[in-house]
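Reading the structure
Spelled out, the chains give:
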Amino acid sequence: MYKNKTITVVSHVLVWLTLVCLPYLLSYGQDQEINRVIAHFWIPLFFSAIIFYFNYFVLVDRFLFPKKTMPFILINGTLIIFFLFLKEYIEDNFFQDLIKKRLENTERTGPPFKMAIYIQLLSYLAPLFFSVALKSTKRWVKTEAEGKEAANFKLKSELQHLHYQLQPHFFFNSLNNIYSLVDISPDQAKSSIHSLSKLMRYMLYETNLEVVPLTKEIDFLKKYIDLMKLRVSDKTSVSYSFPIKETGIQIAPLLFISLIENAFKHGVSATKPSSIAINMTCDDNTVLFSVENNNFPKKTDDKSGSGIGLQNLEKRLQLLYPDKFSFKTILKDDRFLVTLKMETN
């Protein structure tokens, strides 16, 4: 902030210094030109500076932006007319020789008096318009920055909400699965609780970052799949394939877990053979993830498959990877296939 203000001040000083020096340098070496420079350039330039900064710091904010147009026009009109008469007064009382010379030249070749006034009027309108343009641009940049900051804050709030929503959803689903093991296999239930504690530790303490290494996410998914395999019968076949080598890819945490949860919810039957195939491949910064499973629709009164996880996933993808992902689902011959392709850079 301090650096930006310093740059602004230095820029203004350099511009005005250039405007002050330029007329003198262009007329350097000519007889009595210093008086002409003072009267015709430096005095109007001083008035222009007053018009510019008075509008820039006071009038534009107080009258133009609040849409008080008439007071803005009246004040500037009065100020410009005052400077026109003040310039003539200064020339008449302090630059007599220059006035006589100008009158002599006017009789021969000089422009009409009205034309001279018109040119002076334009010279005072220029800093007025420039101050309005500069102030408007500065306001627009500030508004854009505030808008982006508000959008970023909203984005972070939404993502945080979705993240916190996912944690209890995941936890309750896992507890429901472990509950079904308590009577059937107490030892497996104990092992499942221990595995669940490790998964929850990852979710609570390692997923608060914007991105995590893909290898950590893969390790989490493998542990979850192993946990879920404990509750399925021998009639269900579960296979998975993940990249073995370090990919170096950073990814938003907990993007794939909902797809695997969905496969175990809707792809497993207690009486019929079923299979779940989970596959992930990586190519440069692109991740392709797919899950294929049987489709056993839940009953209407079964709330375990409420679909919160998939809704959550789609919202997070739209916020985190806009225009950088494709999410497709296909149902064919009682087989359900979901694919998620995303660019992580």
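Presented here is an overview of the structure given in this document. The model shown is predicted, which means the values in this text are computed figures rather than measured ones. (Residues numbered from 1 in each chain as written. Predicted model: local features only at pLDDT ≥ 70, side-chain atom pairs only at ≥ 80, totals over all residues. Heavy atoms only, no water.)

**Side note on the overall build of the protein**
Quick reminder of the rule: Secondary structure elements follow DSSP: runs of H or I of four or more residues count as helices, runs of E of two or more count as strands, with numbering from the N terminus. Here's how the labels work: a residue is buried when its accessible area is under 20% of the maximum for its type, exposed when over 50%, partly exposed in between, all with a 1.4 Å probe on protein chains only. Areas reported here follow the Shrake-Rupley algorithm with a probe of radius 1.4 Å; residue values treat only the protein chains shown as occluding.
Assigned secondary structure in the protein consists of nine helices and seven strands. Here the protein, with 345 residues, has 34% of them falling under the buried criterion. Only carbon and sulfur atoms are counted for the fraction: they give 61% of the accessible area of the protein, which is about 22000 Å².

**A word on helix α7 (residues 214–229)**
A turn of α-helix holds 3.6 residues, and therefore any two residues three or four places apart point the same way. What counts, and what does not: The span expected for a helix works out to 1.5 Å for each residue beyond the first.
Taking 1.5 Å of rise per residue, 16 residues should cover 22 Å, and α7 covers 22 Å from first to last C-alpha, within 8% of that figure. For α7, the set of buried residues is Leu214, Glu217, Ile218, Phe220, Leu221, Tyr224, Ile225, Leu227 and Met228.

**With respect to the side chain of Lys135**
The cut-off we apply is this: A contact between two residues is defined here by any heavy atoms of the two lying within 4.5 Å.
Structurally, Lys135 can be placed in helix α5 (residues 113–182). Overall, the relative accessible area of 12% leaves Lys135 in the buried class. Excluding residues that lie within four positions of it along the chain, Lys135 makes contacts with Tyr56, Val60, Asp61 and Phe65.

**Some thoughts on the sheet that holds strand β2 (residues 236–241)**
Heads up, the condition is: When DSSP finds two or more bridges between a pair of strands, those strands are recorded as paired. Between the N-to-C directions of two axes lies an angle of 0 to 180 degrees, each axis being a line fitted to C-alpha atoms and, for a helix, fitted only over the stretch in contact.
The five strands are arranged β2-β4-β5-β7-β6 in an open sheet whose pairing can be described as mixed. Each end of this open sheet is capped by a strand with a single partner; those strands are β2 and β6 (325–332). Within the sheet, the average angular offset between the axes of one strand and its neighbour, ignoring direction, is 5 degrees.

**A word on the pattern of salt bridges**
Applicable threshold: A pair is scored as a salt bridge if a Lys or Arg side-chain nitrogen falls within 4 Å of a carboxyl oxygen belonging to Asp or Glu.
Enumeration over the complete set of coordinates arrives at three salt bridges. The shortest N-O distance in the salt bridge between Arg335 and Glu292 comes to 3.6 Å. Here Arg335, found in strand β7 (residues 335–343), pairs with Glu292, found in strand β5 (residues 286–294); they are 43 residues apart in sequence, far enough to count as distant.

**Considering helix α3 (residues 69–94)**
End to end, α3 covers 37 Å across 26 residues, agreeing with the expected 38 Å (1.5 Å per residue, within 8%). Three or more residues of α3 are buried, namely Phe72, Asn76, Leu79, Ile80, Phe83, Leu84, Lys87, Glu88, Ile90 and Glu91.

**Observations regarding the packing of α7 against helix α8 (residues 257–266)**
For any two helices packed against each other, one specifies the crossing angle of their axes together with the interaxial distance. Cut-off, in case you're wondering: Small angles under 35 degrees read as roughly parallel and large ones over 145 as roughly antiparallel, with 65 to 115 read as roughly perpendicular and the rest as oblique. Helix crossings get a hand from a simple test, with the near helix turned counterclockwise from the far one by less than a right angle marking a left-handed crossing and a clockwise turn marking a right-handed one. Polar here means any residue outside two lists: the nonpolar Ala, Val, Leu, Ile, Met, Phe, Trp, Tyr, Cys and Pro, and the charged Asp, Glu, Lys and Arg; Gly therefore counts as polar.
Where α7 meets α8, the axes come as close as 11 Å, and the angle between the chain directions of the two elements is 15 degrees. Regarding the angle of α7 to α8, the classification is roughly parallel. Crossing angle aside, the handedness with which α7 passes α8 is right-handed. For the pair formed by α7 and α8, the contact residues are Phe220, Leu221, Tyr224, Ile225, Met228 and Lys229 on the first element and Ile257, Ile260, Glu261 and Phe264 on the second. Counted by class, the contact of α7 with α8 contains eight nonpolar, no polar and two charged residues.

**Considerations on unusual backbone geometry**
Although it is not a glycine, Asp333 sits at a positive phi angle of roughly 55 degrees. Relative to the elements of secondary structure, Asp333 occurs in the loop between β6 and β7. Even without glycine at this site, Asp334 takes up a positive phi of about 60 degrees. Relative to the helices and strands, Asp334 is located in the loop between β6 and β7. For Asp334, a relative accessible area of 57% puts it in the exposed group.

**Quick word on the pairing of β5**
One ladder, built from eight bridges, connects strand β4 (residues 274–283) with β5; its direction is antiparallel. Looking across to β5, one finds that Ile278 is bridged to Val291. The hairpin turn running from β4 into β5, its antiparallel successor, is two residues long, and Asp284 in that turn takes a positive phi close to 55 degrees. When β5 meets β7, the two strands line up antiparallel, connected through nine bridges. Counted as the bridge partner of Ser290 is Thr339 from β7.

**Structural notes on a nonpolar patch on the surface**
Here is the rule we go by: Excluding any residue in a salt bridge, patches collect residues exceeding 30% relative accessible area, merging like charges within 9 Å and nonpolar Val, Leu, Ile, Met, Phe, Trp and Tyr side chains within 5 Å.
Where nonpolar side chains cluster on the molecular surface, the patch consists of Phe46, Ile50 and Phe54 and spans about 270 Å² of accessible area. Mapped onto the elements, Phe46 comes out in helix α2 (residues 33–64).

**Digging into the packing of aromatic side chains**
Inclusion rule: By convention, a stacked pair of Phe, Tyr or Trp rings (six-membered ring in the case of Trp) has centres within 6.5 Å and planes under 30 degrees apart, an edge-to-face pair has planes over 60 apart, and any other such pair is tilted.
In this structure the tally under the stated criterion is twelve aromatic pairs. A ring pair is formed by Phe46 and Phe47, whose centres lie 6.1 Å apart and whose planes are at 50 degrees; its orientation type is tilted. Both rings, one in Phe47 and one in Phe83, keep their centres 4.4 Å apart while their planes meet at 5 degrees; by these two values the pair is stacked. Here Phe83 lies in helix α3 and Phe47 lies in helix α2, a separation of 36 residues in the sequence.

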